[in-house]
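Below are the chains, spelled out letter by letter.
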Amino acid sequence: MSFLDLDEWLFDLAAKIELVYSPIMDIKVYPENVDVVLIEGAVANEDHLQLIHLIRKKTKVLVSFGDCAVTGNVTALRNFLGPAEHVLRRAYLEGADIQAQIPSMPGVVPALLDTVRPVHEIVPVEVFLPGCPPPADRIRALLEQVLAGEAPHLMGSQIKFG
Amino acid sequence: MAAKTLTIDGKMVGAHEDQTILEAARDAGIKIPTLCHLEGLSDLGACRLCLVEVKGSNRLQPACAIKVAEGMEVQTHSERLQKYRRMILELLFAERNHVCAVCVSNGHCELQNLAIELGMDHVRFDYRFSGFDVDITHNRYGLDHNRCILCTRCVRVCNEVEGAHTWDVAGRGADARVITDLKQPWGEADSCTACGKCVMACPTGALFYKGSTVAEMERDRTRLEFIVTAREKKQWIV
Ligand code: SF4
Ligand code: SF4
Ligand code: FES
């Protein structure tokens, strides 16, 4: 949503890049030789884990995009409850009003990892963009540096958490 | 009252012999990052953010706790210091749970501001992710241990300014916690006068006014500063 706040600059951006993979695109497989990827969210389940390793292999520059990717943020609060089975029990059994049962659909619903981790604890990350969410001007500042072929470097209020 | 001459970051500075390096630097317009230091309270060198290099010594020295000396040569912003300061900050963030996005102090937090100032865009240490208690037994204030950095400002302000000594620190290392009275819930701590000075002094979102929501709480320290000025300078400036 914050990305959409880039408004008309999105047109300029679209002219300069080729978007090859995104959750809102009809593409199932992460392509080869990607220059830059913006990663939203922490690593929380088996699918995330597989995908992040794949992305690392096929991408030059990884950007941890937003507090969840950089710190785990609110999504990591469940780590206090203990391993995955405790989390599921708390949410679907103890917290349920009716029909308490833990959902299970092997192969369809990915299994939760025992702890939610920030991306850079799993694979090396080149650039960090904190913020919850990172405001549009910050995203633009970062992308402009990337497009100019510089190693991105944000300072001051551009790296505020929260 | 003898005067001392020293250099800080290459600048000649004059100071009273009983001043700390931090005070001398401040008077000379040189800003050294601090967290546990608060004007009017004793200094104990807990956070190590104010570490400086003093020529002739291999050890880094906490500027808030070391007195000036004649001919001293002090560096406050060398690359080595920046490296250590950032590391200290990262350790503070990794130790407890700073979820700025849902914190009462978001946007008005001394820890968060230092992270911005020192260019901390991520934490290189693995987060501990262990949950801490929240004490909301007091009828006006709350304590969230998840945000506490053990700076002991609350302990000192309560003891030295209010004279109640409700706060203390119990436990060691990662188990250390600030406590009220003999580790009773805050609401049952008889020595607490509910003056709120600890809440004013706290640098993070650990001590808060009940009813504050995310990013909403700003601390007003004017009452604290008034008492400290009155005491130290005998000036009653409202
Ligand atoms: S206390 Fe400060 S650093 Fe910690 S979560 Fe709150 S705003 Fe962030
Ligand atoms: S509660 Fe606040 S003032 Fe007290 S030690 Fe923790 S961070 Fe410091
Ligand atoms: S301000 Fe000097 S050690 Fe904390």
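What counts, and at which threshold
- Residues numbered from 1 in each chain as written.
- Chains lettered and ligands numbered in written order.
- Predicted model: local features only at pLDDT ≥ 70, side-chain atom pairs only at ≥ 80, totals over all residues.
- Heavy atoms only, no water.
- Phe/Tyr/Trp six-rings, centres within 6.5 Å; stacked < 30°, edge-to-face > 60°.
- Helix = DSSP H or I, 4+ residues; strand = E, 2+ residues; numbered from the N terminus.
- Buried < 20%, exposed > 50% of the residue type's maximum accessible area, 1.4 Å probe, protein only.
- Lys NZ or Arg CZ within 6 Å of the ring centre and 35° of its normal.
- Pairing = 2+ DSSP bridges.
- Salt bridge = Lys/Arg side-chain N within 4 Å of Asp/Glu carboxyl O.
- Near = heavy atom within 4 Å.
- Nonpolar A, V, L, I, M, F, W, Y, C, P; charged D, E, K, R; others polar.

Novice: I would appreciate a short explanation of the packing of aromatic side chains in the present structure.
Specialist: For any pair of aromatic rings, geometry is given as the distance between the ring centres together with the angle between the planes. Residues and elements named next belong to chain B. Enumeration according to the criterion identifies eight aromatic pairs over all chains in this entry. Relative to Tyr 209, the ring of Tyr 141 has its centre 6.0 Å away and its plane inclined at 65 degrees; by these criteria the two rings are edge-to-face. Taken as a pair, Tyr 141 in strand E7 (residues 141-144) and Tyr 209 in strand E10 (residues 207-209) lie far apart in primary sequence, 68 residues in all. Judged by relative accessible area, which is 28%, Tyr 209 ranks as partly exposed. Ring plane angle 70 degrees and centroid distance 4.9 Å describe the contact between Trp 167 and Trp 186, whose orientation is recorded as edge-to-face. Here Trp 167, found in strand E8 (residues 167-170), pairs with Trp 186, found in the loop between strand E9 (177-180) and helix H5 (197-201); they are 19 residues apart in sequence, far enough to count as distant. You can call Trp 186 buried: its relative accessible area is 1%. One aromatic cluster is present, formed by Tyr 141, Trp 167, Trp 186 and Tyr 209 through successive ring pairs. The lysine or arginine in question, Lys 83, covers the ring of Tyr 84, its NZ or CZ lying 5.5 Å from the ring centre.

Novice: So what exactly am I meant to see when it comes to the sheet that holds E7 of chain B here?
Specialist: What links the strands of a sheet is backbone hydrogen bonding, and the strands pair in either a parallel or an antiparallel sense. All names here are of chain B. Spatial strand order, E6-E7-E10: three strands in an open sheet with antiparallel pairing. Taken across any chain shown, the strands that pair with only one partner, and hence form the sheet edges, are strand E6 (134-135) and E10. By the bridge criterion, three bridges tie E7 to E10 in an arrangement that is antiparallel. Across the sheet, Gly 142 pairs through a bridge with Phe 208, a residue of E10.

Novice: I tried to follow the pattern of salt bridges on my own but got confused; where do I start?
Specialist: Side chains carrying opposite charge are able to pair once their charged atoms draw close together. Residue and element names in this part refer to chain B. Tallied over the full model, the rule gives 19 salt bridges over all chains. Note that Arg 124 and Glu 90 form a salt bridge whose closest N and O atoms lie 2.9 Å from each other. Of this pair, Arg 124 sits in the loop between helix H3 (110-117) and E6 while Glu 90 sits in helix H2 (residues 79-95), and the two are 34 residues apart along the sequence. On the basis of relative accessibility, which here comes to 0%, the residue Glu 90 falls in the buried class. The shortest N-O distance in the salt bridge between Lys 197 and Glu 162 comes to 2.7 Å. Remark: Glu 162 occurs in helix H4 (residues 153-162) and Lys 197 occurs in helix H5; sequence separation between them is 35 residues. Residue class for Lys 197 comes out buried when judged on its relative accessible area of 7%.

Novice: What is the right way to look at the site of ligand 1 in this model?
Specialist: Around ligand 1, a shell composed of 13 residues is seen, among which His 98, Cys 100, Cys 103, Cys 109 and Gly 205 of chain B lie nearest. Grouping the constituent residues of the shell around ligand 1 by class yields six nonpolar, six polar and one charged.

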